[in-house]
Amino acid sequence: MTGKPKVAICWLGGCGGCDEAVVDLNEVLLTVADAVDIVLWPIALDFKYDHVKAMADGEITLSIINGNVRNSEQEEVAKLLRKKSQIVLAFGACACFGGTPGMANFRSKEDIFNWVYKDAPTVNNPNGVFPQPVSNVDKKELTLPAFHESVKSLNQVIDVDYYLPGCPPPTDLIAHAVTATLENKLPMKGSSLAPHKALCDSCPRNSTKPQKIKLTEIKRIHEIEAKPDICFLAQGVLCMGIATRDGCGHNCIDINLPCRGCFGPVEGVRDAGIKMISTLAAIIDAETDKDIEKITEQIIDMAGYNFRFSLPSSMFGSLKNPE
Amino acid sequence: MNKPKIVCFSCKFSWSYLADESKLAAEISNWIPIICAGKIDAEYLVDAFLHGADGVLILGCPEGDCHYQDGNIETKKRLALLRQALAVYNIEPERIRLVLARDPEGKDIPGHIEEMAKAIGQLGKIKTAKA
Ligand code: SF4
Ligand code: SF4
């Protein structure tokens, strides 16, 4: 046993990209690994949950948890880490807001099962076998994690101390979050460890954003040849940068794609997707019902666009409450 | 269904500015007089539905008559976008109604609410929302 602070890194309902982002710390990771004892990191190291269960409550200094909570196993691991940790950091868009898998909340659990195990054209399931939490095979009981009614962000399941958004979070903010924890320099509980302003603030295209934007036509990114240095909104392409927290280093913008909102709402805003609706209305240049309808119809799948990363934690997402 | 719950926002520049507001407020439940229909953020409407509203009625100034130039048009656009987003949950567009007119004494407000409640009664409860 060393006297070093203990750190756990864990993966719930996510794609693995967040773990990859930790690996991308490269040499910084070696310095961190020197300064702490990693006690759990399923994707990289062979510790078992039983090791964590055997620890005293609060023994882990920091648990970095990525991914959302969709099944009973993820819920159990989240609760275990909460119990054993002094600080829980929700890491990445899925843990912070539900993430892209959270769009599953547009559908019911029943719809999802029917499609995946029965109706999708590539499915061949003549006996109608659906996964069950408990099944008996050769007199043995087999169990699977139970699939919950909806996707939840981490703070809908356990108390979360800090948030680091992004899909995935960028290495500079990860290094900053870990150092701030080790040096005891964390801000108020509940804070996002990322800038407070909107992405537009640091966007290299900001100087080309017109003082007053007037959208008369909305185009999707693949429908135009987007100019590489002009604000997307000025080109009639929806960009969530106006309603999204800064900090990613304008990744998408730099590869000529508009922001899709993975950093979530800016400081003080409850729901980025709804704010985007209000903001968008203000920049649409139409007055008559007919003109308004014409331009509104050009937005394909507005709910999907505005809540791509945040549906489970959004006010809008609470309109549907299957549980 | 029981009588539908309608939340009504009305702009004070065209609606009920000559009325005894507290008397009228005692008559109308869930009535919120505001300054400018343009003040109604999309968030207020979603919040109303989350608090159990079956419909939201917004009473604004006649077109061309907004005290702040175009607050009523801004709201019209906002509602069009919000209605489109709400469609994903099968929340019908009729559950949000905008009336642009003038009624200094506010005597028509209960009638507007009544009329909307009747129409919403036909739709029933929102199928997916929290009660
Ligand atoms: S709207 Fe998008 S492209 Fe325009 S300045 Fe903001 S982040 Fe940059
Ligand atoms: S530009 Fe937007 S979607 Fe892309 S990484 Fe940054 S915050 Fe995320």
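Summary of the structure given here. The model shown is predicted, which means the values in this text are computed figures rather than measured ones.

Quick notes on the rules
Chains are numbered independently. Their residues run from 1 in the order of the written sequence. All chains are assigned letters beginning at A, and all ligands numbers beginning at 1, according to the order in which they are written. Local features are withheld for residues below a pLDDT of 70 in this predicted model, meaning they are given only at 70 or higher, and side-chain atom pairs are given and counted only at 80 or more; totals for whole chains, interfaces and linings count all residues. Think of the side-chain values as coming from all heavy atoms in the structure, minus any hydrogens and water. Aromatic rings from Phe, Tyr and Trp, with only the six-membered ring used for Trp, were paired whenever their centres fell within 6.5 Å, and each pair was classed as stacked if the ring planes differed by under 30 degrees, edge-to-face if by over 60, and tilted otherwise. Numbering of helices and strands runs from the N terminus; a helix is a DSSP stretch of H or I covering at least four residues, while a strand is a stretch of E covering at least two. Under the scheme applied here, a residue whose accessible area is under 20% of the maximum for its type counts as buried, over 50% as exposed, and between as partly exposed, the area being computed with a 1.4 Å probe on protein chains only. In this scheme, the term charge over a ring applies when either NZ of a lysine or CZ of an arginine sits within 6 Å of the ring centre and within 35 degrees of the ring normal. Only strands that DSSP links by at least two bridges are regarded as paired with each other. Only C-alpha atoms enter the line fits that serve as axes; for helices the fit covers just the stretch in contact. Angles between N-to-C directions range over 0 to 180 degrees. Residue contacts are defined here by distance: any two heavy atoms, one from each residue, within 4.5 Å place the two residues in contact.

**Concerning the packing of aromatic side chains**
Right, on to step 1. Taken as a whole, this structure holds 9 aromatic pairs over all chains when the rule is applied.
Right, on to step 2. Each ring, one from Phe113 of chain A and one from Phe130 of chain A, has its centre 6.4 Å from the other, and the planes form 20 degrees; the classification is stacked. Of the two residues, Phe113 of chain A sits in helix H6 (residues 109-119) while Phe130 of chain A sits in the loop between H6 and strand S6 (134-137), which places them 17 residues apart along the sequence.
Right, on to step 3. Since its relative accessible area comes to 23%, Phe130 of chain A is described here as partly exposed.
Right, on to step 4. Taking 6.3 Å as the distance between ring centres and 35 degrees as the angle between the ring planes, the aromatic pair formed by Phe9 of chain B and Tyr44 of chain B counts as tilted. Placement of Phe9 of chain B in strand S1 (residues 6-11) and of Tyr44 of chain B in helix H2 (residues 42-50) is noted, with a sequence separation of 35 residues between them.
Right, on to step 5. Given a relative accessible area of 32%, Tyr44 of chain B falls into the partly exposed group.
Right, on to step 6. Sitting over the face of the ring of Phe113 of chain A, Lys109 of chain A holds its NZ or CZ atom 6.0 Å from the ring centroid.
Right, on to step 7. The ring of Tyr305 of chain A carries the charged tip of Arg308 of chain A above its face, separated from the ring centre by 5.4 Å.

**So, the sheet that holds strand S5 (residues 85-91) of chain A**
All names here are of chain A.
Right, on to step 1. The strand order S2-S1-S3-S5-S9 describes an open sheet built from 5 strands, whose pairing is parallel. Bordering the open sheet on either side are strand S2 (37-40) and strand S9 (162-164), each of which pairs with just one other strand. Geometrically, the sheet is characterised by an average inter-axis angle of 25 degrees between neighbouring strands, direction not taken into account.
Right, on to step 2. Relative to S5, strand S3 (residues 60-66) runs parallel, the two sharing 6 bridges. Within S5, the residue paired with Ile60 across the bridge is Ser85.
Right, on to step 3. Sitting on the sheet, helix H4 (residues 72-84) is in contact with strand S1 (6-11), S2, S3 and S5, with an inclination near 135 degrees to S5.

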